[in-house]
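Residue strings, one per chain:
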Amino acid sequence: MQQTVQNPPHTVKKTQTQRRSWIRRLGSQYQLVFLSIPFVLLVILFNYVPLWGWLAAFQDYKPFKGVTGSEFVGLSNFKVLFADPHFLVVLRNTLVMSGMSLITGFVGAITLALLLNEVQVRWFKRIVQTVTYIPHFVSMVVIANIVLMFLSPDGGFINNLLMNLGWIDKPIYFMGKGEWFWVIHTITGLWKELGWSTIIYLAVLAGINSELYEAAAVDGASRLRKMLHISIPGLMPTATLLLIMSVGSLINTGYESQMLLGNPLVIDYSEVLDLYALSVSFGGGDYSVGVALSMFKGFVSIVLVVMVNFIARKLSDTRLF
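Below, the structure is looked at part by part. If you're wondering where the values come from, they're calculated on a predicted model, not measured in any experiment.

## Quick notes on the pattern of salt bridges
- In this structure the tally under the stated criterion is four salt bridges.
- Here Arg 223 ties to Glu 118 by a salt bridge, and the two come within 3.3 Å at their closest N and O atoms. In this pair, Arg 223 sits in helix H11 (residues 223–248) while Glu 118 sits in helix H5 (residues 85–118), placing the two residues 105 residues apart along the sequence.
- For Arg 223, a relative accessible area of 44% corresponds to the partly exposed category.
- Overall, Glu 118 belongs to the buried group, its relative accessible area being 15%.
- For Lys 192, the salt bridge goes to Glu 193, with nearest N and O atoms at 3.3 Å.

## A short note on the side chain of Asp 274
- Checked against the element boundaries, Asp 274 lands in helix H14 (residues 273–283).
- Leave out the neighbours within four places in its chain, and Asp 274 touches Thr 253, Gly 254, Tyr 255 and Lys 297.

## Examining the packing of aromatic side chains
- Tallied over the full model, the rule gives 15 aromatic pairs.
- Arranged with centres 6.2 Å apart and planes meeting at 85°, the rings of Tyr 61 and Tyr 287 form a pair that is edge-to-face. Taken together, the residues Tyr 61 in the loop between strand E1 (59–60) and helix H3 (66–69) and Tyr 287 in helix H15 (residues 287–315) connect sequence positions 226 residues apart.
- According to the relative accessible area criterion, Tyr 287 is partly exposed, its value standing at 27%.
- Relative to Tyr 276, the ring of Phe 87 lies with its centre 6.5 Å away and its plane at 50°, an arrangement referred to as tilted. Of this pair, Phe 87 sits in helix H5 while Tyr 276 sits in helix H14; the two residues are 189 residues apart in sequence, bridging distant segments of the chain.
- The exposure class of Phe 87 is buried, given its relative accessible area of 2%.

## Describing the packing of H11 against H15
- The N-to-C vectors of H11 and H15 enclose an angle of 155°; their axes lie 7 Å apart at closest approach. The angle between H11 and H15 falls in the class roughly antiparallel. Taken as a pair, H11 and H15 cross one another with a handedness that is right-handed. On the side of H11, the interface is formed by Thr 240, Ile 244, Val 247 and Gly 248, while H15 contributes Ser 301, Leu 304, Val 305, Val 308, Asn 309 and Ala 312.
- Grouping the amino acids of the contact of H11 with H15 by side-chain chemistry returns six nonpolar, four polar and no charged.

## Overview of H14
- Taken as a whole, H14 has its buried residues at Leu 273, Asp 274, Leu 275, Tyr 276, Ala 277, Val 280 and Ser 281.
- Contact partners of the buried residues in H14: helix H4 (76–83), H5, helix H12 (256–261), helix H13 (267–270) and H15.
- Just downstream of H14, Gly 285 is the residue with a positive phi angle, here 75°.

## Here we look at the nonpolar core
- With 21 residues, the main nonpolar core has Phe 87, Leu 273, Tyr 276, Leu 293 and Phe 296 as its most contacted residues.
- Ranked by the residues each element gives to this core, the list is headed by H15, at eight residues.
- Other than its neighbours up to four places away in sequence, Tyr 276 contacts Leu 81, Asp 84, His 86, Phe 87, Val 90, Glu 271 and Leu 293.
- Formed by 19 residues, the second largest nonpolar core is a distinct cluster that contains Tyr 133, Tyr 201, Tyr 213 and Ile 230.

## Some points on the environment of Asn 77
- Tracing the backbone shows Asn 77 in helix H4.
- Along the backbone, Asn 77 and Arg 223 are 146 residues apart, and their C-alpha atoms lie at a distance of 58 Å.
- Excluding anything up to four places from it in sequence, Asn 77 contacts Ala 56, Ala 57, Phe 58, Gln 59, Ser 288, Val 289 and Ala 292.
- Of note is the side chain of Asn 77, whose polar atom sits 2.8 Å from the backbone oxygen of Ala 57.

## Let's talk about the side chain of Lys 226
- In this structure, Lys 226 sits in helix H11.
- It is Glu 118 that comes nearest to the buried, bridge-free Lys 226 among opposite-charge side chains, at 6.2 Å.
- Discounting chain neighbours no more than four positions away, the residues touching Lys 226 are Tyr 213, Ala 216, Ala 217, Ala 221 and Ser 231.

Procedures and definitions
- Residues numbered from 1 in each chain as written.
- Predicted model: local features only at pLDDT ≥ 70, side-chain atom pairs only at ≥ 80, totals over all residues.
- Heavy atoms only, no water.
- Salt bridge = Lys/Arg side-chain N within 4 Å of Asp/Glu carboxyl O.
- Helix = DSSP H or I, 4+ residues; strand = E, 2+ residues; numbered from the N terminus.
- Buried < 20%, exposed > 50% of the residue type's maximum accessible area, 1.4 Å probe, protein only.
- Contact = heavy atoms within 4.5 Å.
- Phe/Tyr/Trp six-rings, centres within 6.5 Å; stacked < 30°, edge-to-face > 60°.
- Axes fitted to C-alpha atoms, helices over the stretch in contact; angles between N-to-C directions.
- Parallel < 35°, antiparallel > 145°, perpendicular 65-115°, else oblique.
- Left-handed = near helix turned anticlockwise from the far one by under 90°.
- Nonpolar A, V, L, I, M, F, W, Y, C, P; charged D, E, K, R; others polar.
- Core = buried A, V, L, I, M, F, W, Y, C linked by side-chain atoms within 4.5 Å.
- Polar contact = N/O pair within 3.5 Å; in protein donor to acceptor, adjacent residues only side chain to side chain.
- Lys, Arg positive; Asp, Glu negative; His and termini not counted.

So yeah, pure geometry; function would need other evidence.
Shown next as structure tokens:
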């Protein structure tokens with residue numbers, strides 16, 4: 001005999017009370033709800049409506065036939081993508097360069113923010129902030145050209161310096177060595193974005209209650225102790241949220257810096273997933289495989305965010321959702 005399990009009366013009553021409370025709270029904030037509607041529509045329009053194009057990943061997509069007229073081929077495009085040995089190479093490059101940029105940017109921004117927070121000379125602090133912020137506003141094209149000029153074997157600053165110091169006998173073509181490309185790319189990205197990344201951390205440090213520092217000073221704590229026991233714990237919730245969001249973009253590195261700094265000699269180290277997608281789609285005309293690659297990146301990003309959010313929730317009370 002089949003038994004029907006019914007919820008206890010108090011559970012049903014509690015659920016109804018919560019539902020009425022949620023509706024009442026929504027009604028009391030109707031002005032904010034109406035204000036948010038245009039932005040929600042924009043998000044749907046630009047972030048979700050284009051997902052219609054993902055259907056091309058399961059088709060032999062032809063531009064003149066469109067999504068509705070192209071032949072359905074199932075998972076064939078994914079099989080072609082994962083069977084390509086070059087896909088593993090560009091996936092390796094993407095993960096390595098993203099990981100190096102994430103670690104150096106995360107640690108570097110927190111370290112610089114902590115050091116600037118300890119600077120008592122205001123004019124010096126402002127100069128350092130201004131100097132470190134400026135590269136963020138400079139185009140990556142200009143940044144890449146400056147790096148190439150500095151590392152050039154034909155009168156570049158670095159080669160001239162090393163030769164004048166007697167450390168090398170002849171100029172080195174740095175941008176021709178594939179194994180050095182990851183390091184050069186990481187340092188370039190750190191130079192461009194380090195200062196800008198400290199803004200949020202400096203704002204958080206400015207919001208920490210000054211009485212905590214005063215009480216620690218009365219107890220005889222050194223500046224290092226105050227940094228370790230007040231500043232860093234105060235930064236951790238914000239740093240954890242930023243880290244979760246950064247990990248979500250781990251596989252979405254873009255292609256601008258790699259394309260500008262790279263060359264045919266180092267393509268096995270400089271090509272990333274986005275460049276590979278462009279090459280397959282517009283170079284080879286295989287748009288469906290390019291869309292399949294985009295779907296793969298989205299899936300991996302979601303998995304990474306959920307995984308890091310789960311770890312952060314287990315280790316601390318801070319989480320994204």
